[in-house]
Amino acid sequence: LSQAAALNRRSKGKARCPGFKFDIAYLDDVSLDKMGNMTPHLCCYTNENVATVRASDASSRIALGYAELFVDITLDPSHDVFTDPHPDADPATRRSHDLLSYPSDTEEYALTQEAFGQHISYVIEVFARQPRVFLYTVYMTGSWARLLRWDRSGCVVSESFDIHDKPDILCEFLWRFSRSLGAGRGHD
């Protein structure tokens, strides 16, 4: 709940993402126990579409039909499916770094894969419901965030950043996102 309030808050009279509203989507989810039928924690809508989504029947899954981007939150930082290269790594090492994480604990691996698999299912649902070329998402594990840009062939993933230590990364991304026209936000 606090994440939506923080993202919608205004600083010095200015919104972090002008023209858009972050709404808590998962509270309306009538199928929380069915994998593949859940919704992300937060969805970002244009101000014009918030009322439409809120007035709809929760079982319609309309949230992802109007989502401009979404934020998916996993509370445990160890459930990040990606690993970043060491900050001091040289460019050659960074280019050859294996971004995917492979926890040695099989139960931990399964939980990590399940969490990210659910994130992927949200992306698939958005692409199925909207005419899009690409989609931005935010994947959070604990207070660590990653920005992802999805298209129909895969995704590009940022290095993780702690939103407590570097909130400016997320704030600048959201401000730039809000300044983009539909095509710049991925609409076809």
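One pass over the structure, following the stated rule, counts nine aromatic pairs. Measuring from ring centre to ring centre gives 5.5 Å for Phe70 and Tyr122, while their planes differ by 90°; the resulting arrangement is edge-to-face. With Phe70 in strand 5 (residues 69-74) and Tyr122 in helix 5 (residues 106-129), the pair connects residues that are 52 residues apart, well separated along the chain. Judged by centre distance (6.1 Å) and plane angle (80°), the ring pair of Tyr136 and Phe177 falls under edge-to-face. Of the two residues, Tyr136 is situated in strand 6 (residues 134-141) and Phe177 in helix 6 (residues 167-179); the sequence distance between them amounts to 41 residues. For Phe177, a relative accessible area of 3% corresponds to the buried category. Each member of the aromatic cluster is reached from another via a ring pair, and the members are Phe20, Phe134, Tyr136, Phe173 and Phe177. Geometry around Phe134 places Arg149 over its ring, the cationic atom sitting 4.0 Å from the centre.

With respect to the secondary-structure elements, Leu170 resides in helix 6. Looking at Leu170, the relative accessible area reads 11%, which means it is buried. Distance in space between the C-alpha atoms of Leu170 and Ile62 is 26 Å, their sequence separation being 108 residues. Not counting residues up to four positions away in its chain, the partners in contact with Leu170 are Leu7, Val138, Leu147, Phe161 and Ile163.

Moving on, we get to the pattern of salt bridges. Tallied over the full model, the rule gives nine salt bridges. Glu68 is paired through a salt bridge with Arg185; the nearest N and O atoms lie 2.9 Å apart. With a gap of 117 residues between them, Glu68 in the loop between helix 3 (63-66) and strand 5 and Arg185 in the segment after helix 6 connect regions that are remote in the sequence. In this structure, Glu68 and Arg185 share a single accessibility class: buried. The shortest N-O distance in the salt bridge between Glu159 and Arg94 comes to 2.0 Å. Taken together, the residues span a long stretch of sequence, with Glu159 in the loop between strand 8 (154-157) and strand 9 (161-162) and Arg94 in helix 4 (residues 91-96) at a distance of 65 residues. Among the residues examined, Glu159 registers a relative accessible area of 39% and is labelled partly exposed. One salt-bridge network, held together by shared partners, links Glu68, Arg132 and Arg185.

Scoring rules and cut-offs
Residues numbered from 1 in each chain as written. Predicted model: local features only at pLDDT ≥ 70, side-chain atom pairs only at ≥ 80, totals over all residues. Heavy atoms only, no water. Phe/Tyr/Trp six-rings, centres within 6.5 Å; stacked < 30°, edge-to-face > 60°. Helix = DSSP H or I, 4+ residues; strand = E, 2+ residues; numbered from the N terminus. Buried < 20%, exposed > 50% of the residue type's maximum accessible area, 1.4 Å probe, protein only. Lys NZ or Arg CZ within 6 Å of the ring centre and 35° of its normal. Contact = heavy atoms within 4.5 Å. Salt bridge = Lys/Arg side-chain N within 4 Å of Asp/Glu carboxyl O.

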